[in-house]
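# Structural description and commentary
Each chain, written out:
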Amino acid sequence: MKKSLFITITALIAALLFTACADQPSQTQTAAEDAAAAAEKEDVLKEENASGEEATDSKTETTENQEAPENPNKTETETEADAATEPLTDESIGAVSFMPSGQDFPLVYGNNVLHAYFKRQNVMAGSGKMIIKKASDNTVVEEIDLQDKNKCTVGEIDSTFQILGWNGGTHLVIRLKDMPAQGETYYVNLEEGAFVSQDGSIASKAITDSSTWKYSTAEYGIILNTPNGSDVYVDDVLSGEIIIQGEAVKAEISNYDENRVRFNEKEFKESGELEIKIYQIGVDSFTVTYYDREDNPIGVITVSYTASIKPEPEEEAPKKAVTNL
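Counting from 1, residues in each chain are numbered in the order their sequence is written. Per-residue local features are limited, in this predicted model, to residues with pLDDT of at least 70; the limit for side-chain atom pairs, both in listing and counting, is 80 or more; totals at the level of whole chains, interfaces and linings are taken over all residues. Think of the side-chain values as coming from all heavy atoms in the structure, minus any hydrogens and water.

### Comments concerning the overall build of the protein
- In this description a helix means any DSSP run of H or I spanning at least four residues, a strand means any run of E spanning at least two, and both kinds are numbered starting from the N terminus. Broken down by element type, the protein carries three helices and 20 strands.
- Three labels apply to residues, based on accessible area from a 1.4 Å probe with only protein chains included: buried if under 20% of the type maximum, exposed if over 50%, partly exposed otherwise in between. Buried positions account for 40% of the 325 residues belonging to the protein.
- Counting only carbon and sulfur atoms, one obtains 46% of the accessible surface of the protein, whose full area is about 19500 Å². Accessible surface area values rest on a Shrake-Rupley calculation with a 1.4 Å probe, where residue burial reflects the displayed protein chains alone.

The structure is reproduced here in structure tokens:
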């Protein structure tokens, strides 16, 4: 039974702009009353400003003294949302956010999954292709038929929508054929109609430049010796390598059930061999979180797999005796 091993991640930054306005009342007075009122108002404003400055100083000090709690078990989606870019606005299909996107929040090496989030509901793959190009020489790495269900599927409505300020929408997951090269930069072009509304009346515009959806691959990551599409069985010991390089100085493995899967090491401070022992059948996953020198999480990759019972070897049929006639 063929079981797929999927390695997923990602990266988004959500920017929120706050504006405040205050209305000033107007009133009619005599010239003398105006002068008196203005003087009185000026005194009041001085007192309020002094009080406001004290409050602001106090608030700033409190905020600066508060340290953000560390969360080494941050989910893949939350980490990607931390690296979000402000959603684009397609004149036809509406707001869309691609990830990973940008140089500062790379795809963890070993991941081959891209994401597209739409504010509009019921968006689906259209007839236009997705084209992945290498930024260094503009060569085509892969052309993806988004209507291929093995390449493009509908993902969960996750916390990314909330961070983007959307009540809902559509999440599409695109799987690349190969893992992007370590430390390489890519960009995505989309033919017109790559994404369409469910009734087919609205189609996305083309993306033909090298900057709208651009992403890089980190130097740190994970290499597994079990390729996509291979069989994973109970009692197997999968092997791989944790790569600590570039910004990353530490990696931790978390979010797994020790009754179902175990590892030779749970924390790596340098590149090392990883062994994964499978104990039970079913769908399982684990998370590898990478940290920089300040112990800030800088990347997360989630490895998912489906394990089954290894089939019994087929018995050979007994050989018949051959009689020479």
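### With respect to the pattern of salt bridges
- By salt bridge we mean one thing: a side-chain nitrogen of Lys or Arg within 4 Å of a carboxyl oxygen of Asp or Glu. Within this structure, the stated rule accounts for eight salt bridges.
- Between Lys-129 and Glu-143 there is a salt bridge, and its shortest N-O distance comes to 3.6 Å. Of this pair, Lys-129 sits in the loop between strand 6 (123-125) and strand 7 (130-134) while Glu-143 sits in strand 8 (residues 140-144), and the two are 14 residues apart along the sequence.
- Given the relative accessible area of 34%, Lys-129 is considered partly exposed.
- A salt bridge links Glu-252 to Lys-250, with the shortest nitrogen-to-oxygen separation between them at 3.4 Å.
- One continuous salt-bridge network, built from bridges that share partners, spans Lys-250, Glu-252 and Asp-295.

### Quick word on the side chain of Lys-151
- Secondary-structure assignment places Lys-151 in the loop between strand 8 and strand 9 (152-154).
- For Lys-151, a relative accessible area of 18% translates into the label buried.

### Considerations on the confidence of the model for the protein
- Within a predicted model, pLDDT stands for the predictor's per-residue confidence, ranging from 0 to 100. Residues of the protein with pLDDT of at least 70 account for 68%, and the chain-wide mean is 77.
- Per-element mean pLDDT across the protein ranges from 43 in helix 1 (residues 31-65) up to 98 in strand 17 (residues 267-268).
- Below a pLDDT of 50 lies the segment residues 48-84, which in the model reaches 48 contacts outside its immediate sequence neighbourhood of four places, other chains included. Residues count as neighbours in contact if any of their non-hydrogen atoms are within 4.5 Å of one another.

### Details of the packing of aromatic side chains
- Think of it this way: a Phe, Tyr or Trp ring, Trp meaning its six-membered ring, pairs with another when their centres are within 6.5 Å, and the plane angle makes it stacked under 30 degrees, edge-to-face over 60, tilted otherwise. Counting across every chain of the model gives eight aromatic pairs.
- A centroid spacing of 4.1 Å and a plane angle of 10° characterise the contact between Phe-98 and Trp-213, whose relative ring orientation is stacked. Placement of the pair is Phe-98 in strand 3 (residues 94-99) and Trp-213 in the loop between strand 12 (195-197) and strand 13 (214-224), with a sequence separation of 115 residues. Each member of the pair, Phe-98 as well as Trp-213, carries the same accessibility label: buried.
- Residues Tyr-256 and Phe-263 carry aromatic rings whose centres are separated by 4.9 Å and whose planes lie at 85° to one another, so their mutual orientation is edge-to-face.
- For Tyr-256, a relative accessible area of 22% corresponds to the partly exposed category.
- Of the aromatic side chains, those joined through ring pairs into one cluster are Tyr-117, Phe-161 and Trp-166.
- By the criterion adopted, a ring carries a charge over it if an Arg CZ or a Lys NZ lies within 6 Å of its centre and within 35 degrees of its normal. Over the aromatic face of Tyr-291 sits the side chain of Lys-250, whose NZ or CZ is 4.9 Å from the ring centroid.

### What to know about unusual backbone geometry
- The step from Met-99 to Pro-100 runs through a cis peptide bond, and the omega angle for that step is 0°.
- Its location among the elements puts Pro-100 in the loop between strand 3 and strand 4 (102-109).
- One non-glycine residue, Asn-122, lies in the positive phi region at around 60°.
- Within the fold, Asn-122 resides in the loop between strand 5 (113-118) and strand 6.
- Positive phi values are uncommon outside glycine, yet Asn-138 reaches one of about 65°.
- Looking at the secondary structure, you find Asn-138 in the loop between strand 7 and strand 8.

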